[in-house]
Amino acid sequence: MKNVTDSFVSLGHWPAAGSFGFNTDILATNPINLSVVIGVLIFFGKGVLSDLLDNRKQRILNTIRNSEELRGGAIEQLEKARARLRKVQIEADQFRVNGYSEIEREKLNLINSTYKTLEQLENYKNETIQFEQQRAINQVRQRVFQQALQGALGTLNSCLNNELHLRTISANIGMLGAIKEITD
């Protein structure tokens, strides 16, 4: 402080305005200029600097408050999402268990229906075999009957002569006439 006062005191000892020039003595001129500039800056800039710092401080505090509010909202949303995730996981587990049960039930139903189908196919096969056997037996019977009938006709034809043939026809006509009289 003594230097500042001494510099103002030394102002009174300057020579008159008759000589104008540059003072190249750095030690004599700079401390005076600097002390004046700094003093003016402190006096006038103190309020401006204080206002700037207060505004900056308020913006920082508002940003921190907003960040805290956003953080709180994000934490709340995170908790809601976690709760929904737990709920969905529980439902997924239930669906998985129910799905496995349903799959097992469908598997058993499919196995049972397959067994029933196989059983029906086996019955159809047996019925078809029996039908084909019966048809073959009937065809064999018909052929045997036809051969027996042809053999009997051949035997009759070889044994019958015209006279025997006429007597058989007359006897048959007589039997038919007796049957007709009984029915009338």
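This is a predicted model, so every value here is computed, not measured. Positions within a chain are numbered from 1, following the residues in the order the chain's sequence is written. Two thresholds apply to this predicted model, a pLDDT of at least 70 for residue-level local features and 80 or more for giving and counting side-chain atom pairs, whereas whole-chain, interface and lining totals are computed over all residues. As a rule here, side-chain values come from all non-hydrogen atoms in the structure, and water together with hydrogens is ignored.

Before going further, it helps to spend a moment on the UniProt feature "coiled-coil region" (unreviewed entry) in the protein chain. As recorded in UniProt, the feature "coiled-coil region" (unreviewed entry) lies at residues 71-98. By definition, any uninterrupted DSSP run of H or I lasting at least four residues is a helix, any uninterrupted run of E lasting at least two residues is a strand, and each is numbered from the N terminus. Across residues 71-98 one finds 100% helix and 0% strand; the C-alpha atoms that close the span lie 40 Å apart. UniProt positions are given in the numbering used here, feature names are shortened, and annotations may be inferred rather than shown by experiment.

This paragraph deals with the pattern of salt bridges. Any carboxyl oxygen of Asp or Glu within 4 Å of a side-chain nitrogen of Lys or Arg constitutes a salt bridge here. Inspection of the entire model under this criterion finds 7 salt bridges. Here R96 makes a salt bridge to D93, at a shortest N to O gap of 2.6 Å. Taken together, the residues R96 and D93, both in helix α2 (residues 26-159) and 3 residues apart, mark about one turn of the helix. Exposure remark for R96: the relative accessible area of 43% places this residue in the partly exposed category. Relative accessible area decides the class of each residue, using a 1.4 Å probe on protein chains only: under 20% of the type maximum gives buried, over 50% gives exposed, and in between gives partly exposed. The partly exposed category is assigned to D93, whose relative accessible area is 39%. Between E132 and R135 there is a salt bridge whose closest N-O contact spans 3.5 Å. With a gap of 3 residues between them, E132 and R135 both fall in helix α2, about one helical turn apart. Look at E132 and you get partly exposed, because its relative accessible area is 35%.

As a per-residue quantity, pLDDT reports the predictor's confidence and falls between 0 and 100. Per-residue confidence for the protein chain gives a mean pLDDT of 82; residues scoring 70 or more make up 83%. Considering each helix and strand of the protein chain separately, the mean pLDDT is smallest for helix α1 (residues 2-9), with a value of 51, and largest for α2, with 87.

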